[in-house]
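An overview of the molecular structure
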Amino acid sequence: MKTTLLFPALAIALGSSACDKDKKPADPAPPPSTSEAQVALSASSEEAPPPVPSPASPGIITTWRKDMGMKAPASVLHDEAGDVYLVSNVDGKPLEADGKGFISRWDSNAVGGDTKWIDSGKNGVTLNAPKGMAITGETLWVADIDTVRMFDRKSGRPTGEVKIAGASFLNAVAVLADGRVIVADRGMKAGSGDDFEPAETDAVHVISRDKKVATFAKHKELGNPNGLLVVNGTAWVASWSGQIFSLGASGLKNDVTRLPKGKLDGLAKVDDDFLVSSWEASGIYRGQPGGQEWKLVLEGVKGPAGFTVDRKRKRLIVPVMEEDELRAYKLE
């Protein structure tokens, strides 16, 4: 499977701009080569170096596990300039402002890393339940419940934040070619136990380069927008309700396609196909909008959250939120 990931520009007009059924695990894969998984991870502060990542089943190249510090990883971003994987860890409930969140920074060649590269409560950092991330220039943008926080891409130093008035569940972030940022609000709030209930704040917001916020689309028909992707000037959304669709200039849904199962999260593009993670299906689908068949190309993953594609190595990097793991799968 050819794996050229597309990241074209987007120009949005604004009118004037985390579960489900397990599958029986497969037999363990043979140990990886030294070059693939032998690592010597650097310690964070006075902590001892965590164990080396290792494969867990066929198809998995590397696994960064719970005993390495992963705690409810919600999203991963391949910083191509630094060639590292940045992983947002909720470390608590997805909508609880508990100040426990952190961001890990792992070498994409599996030769080192820092579990708590950006750690809430240290160095002036505030992170509650960080989820989707994106990079523009030297800035890392992170969705955190009702706020989009900014950090220096190289040092992890906090550089600012943008509060999204009325937001309840900010999840996915994407960056426009002109430097603006779009962020999706899933429109849900904490319910009884670990459940969520509608907050009716379903929206896609836009943050201008001078940190002003405008609402591009806000209506219940968005169906809890959860994942974002930009393709050839068009914004695409994966909704928790089970649809993927594009957003027109007026903020209305176009090209609506319902997948076999819902609770959709991550969204990416490979060749002419989309890849979409589904918590209900415990895996990742591949297909095309309007297509009749969406195939599960990855199965048995509990809580497949905001994944990414490493184009350089032809890998699918998946946060497995319910098992506190980050996994790298080979794409054929």
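Residues numbered from 1 in each chain as written. Predicted model: local features only at pLDDT ≥ 70, side-chain atom pairs only at ≥ 80, totals over all residues. Heavy atoms only, no water.

**Describing the overall build of the protein**
- The helix and strand tally for the protein stands at 1 helix and 26 strands.
- Accessible surface for the protein amounts to roughly 14,100 Å². Of this, 47% is attributable to carbon and sulfur atoms. (Helix = DSSP H or I, 4+ residues; strand = E, 2+ residues; numbered from the N terminus. Areas by Shrake-Rupley, 256 points an atom, 1.4 Å probe, with all protein chains shown as cover.)

**What to know about the pairing of strand 2 (residues 73-79)**
- In terms of burial, strand 2 is a largely internal element, 7 of the 7 residues being buried.
- Once strand 2 ends, the chain turns through 4 residues before running back antiparallel as strand 3 (residues 84-89), passing Asp83 with a positive phi of about 55 degrees. (Buried < 20%, exposed > 50% of the residue type's maximum accessible area, 1.4 Å probe, protein only. Pairing = 2+ DSSP bridges.)

**Some thoughts on the sheet that holds strand 18 (residues 243-247)**
- Read across the sheet, 4 strands follow the order 16-17-18-19 without closing on themselves; strand pairing throughout is antiparallel. With partners counted over all chains shown, the strands left at the sheet margins are strand 16 (225-231) and strand 19 (253-258), one partner each. Direction aside, neighbouring strands of the sheet carry axes that sit 20 degrees apart on average. (Axes fitted to C-alpha atoms, helices over the stretch in contact; angles between N-to-C directions.)

**Digging into the environment of Leu275**
- The topology assignment puts Leu275 in strand 21 (residues 273-278).
- Taking the C-alpha atoms as reference points, Leu275 and Gln288, 13 residues apart in sequence, are found 8.8 Å from one another.
- With sequence-adjacent residues up to four places away left out, Leu275 is seen in contact with Gly266, Leu267, Ala268, Val270, Ile284, Tyr285, Arg286, Val297, Phe307, Val309 and Leu316. (Contact = heavy atoms within 4.5 Å.)

**Focus on the nonpolar core**
- If you look at the biggest cluster of nonpolar residues, it comprises 15 residues, and the most contacted ones within it are Ile182, Leu228 and Leu247.
- Looking at this core, the elements that each hand over two or more residues are strand 10 (170-175), strand 11 (181-185), strand 14 (203-207), strand 15 (213-218), strand 16 and strand 18. (Core = buried A, V, L, I, M, F, W, Y, C linked by side-chain atoms within 4.5 Å.)

**A word on the pattern of salt bridges**
- Applying the stated rule across the entire model yields 18 salt bridges.
- A salt bridge links Asp83 to Arg313; its shortest N-O distance comes to 2.6 Å. In this pair, Asp83 sits in the loop between strand 2 and strand 3 while Arg313 sits in the loop between strand 24 (308-310) and strand 25 (315-320), placing the two residues 230 residues apart along the sequence.
- Through salt bridges with shared partners, one network takes in Asp83, Asp310, Lys312 and Arg313. (Salt bridge = Lys/Arg side-chain N within 4 Å of Asp/Glu carboxyl O.)

**Some details on the sheet that holds strand 3**
- In space, the 4 strands of this open sheet follow the order 2-3-4-5, with antiparallel pairing throughout. One side of each edge strand has no neighbouring strand; the edge strands of this open sheet are strand 2 and strand 5 (113-119). Averaged over all pairs of adjacent strands, the angle between strand axes in this sheet comes to 25 degrees, irrespective of strand direction.
- In this sheet, strand 4 (residues 102-107) lies alongside strand 3 in antiparallel orientation, the contact comprising 6 bridges.

**With respect to the packing of aromatic side chains**
- The full count for this structure, using the stated rule, is 5 aromatic pairs.
- Here the aromatic rings of Trp64 and Trp106 are separated by 6.4 Å at their centres, their planes lie at 35 degrees, and the arrangement is tilted. Taken together, the positions of Trp64 in strand 1 (residues 60-64) and Trp106 in strand 4 put the pair 42 residues apart, joining distant regions of the chain.
- For Trp64, a relative accessible area of 1% translates into the label buried.
- Between Phe169 and Phe196, the aromatic rings sit 5.5 Å apart at their centres with planes inclined by 65 degrees, giving edge-to-face as the arrangement. Highlighted residues: Phe169 in the loop between strand 9 (158-163) and strand 10 and Phe196 in strand 13 (residues 196-198), separated in sequence by 27 residues.
- Each residue in the set Trp64, Tyr85 and Trp106 is aromatic and connected to the rest through ring pairs, giving one cluster.
- Positioned above the aromatic ring of Phe245 is the side chain of Lys253, whose terminal nitrogen or guanidinium carbon lies 4.8 Å from the ring centre. (Phe/Tyr/Trp six-rings, centres within 6.5 Å; stacked < 30°, edge-to-face > 60°. Lys NZ or Arg CZ within 6 Å of the ring centre and 35° of its normal.)

**Some details on the pairing of strand 20 (residues 264-270)**
- The buried fraction of strand 20 is high, at 7 of 7 residues.
- One ladder, built from 5 bridges, connects strand 20 with strand 21; its direction is antiparallel. Along strand 21, the bridge assignment pairs Leu267 with Val276.
- Between strand 20 and strand 21, which follow one another and run antiparallel, lie 2 residues, and Asp271 among them has a positive phi close to 55 degrees.

**Some points on unusual backbone geometry**
- In this structure, Glu200 is a non-glycine residue whose phi angle is positive, near 55 degrees.
- The residue Glu200 is located in the loop between strand 13 and strand 14 in this model.
- Judged by its relative accessible area of 55%, Glu200 is exposed.
- For Lys211, which is not glycine, the phi torsion reads 70 degrees and is therefore positive.
- Mapped onto the fold, Lys211 is located in the loop between strand 14 and strand 15.
- Owing to a relative accessible area of 37%, Lys211 belongs among the partly exposed residues under this scheme.

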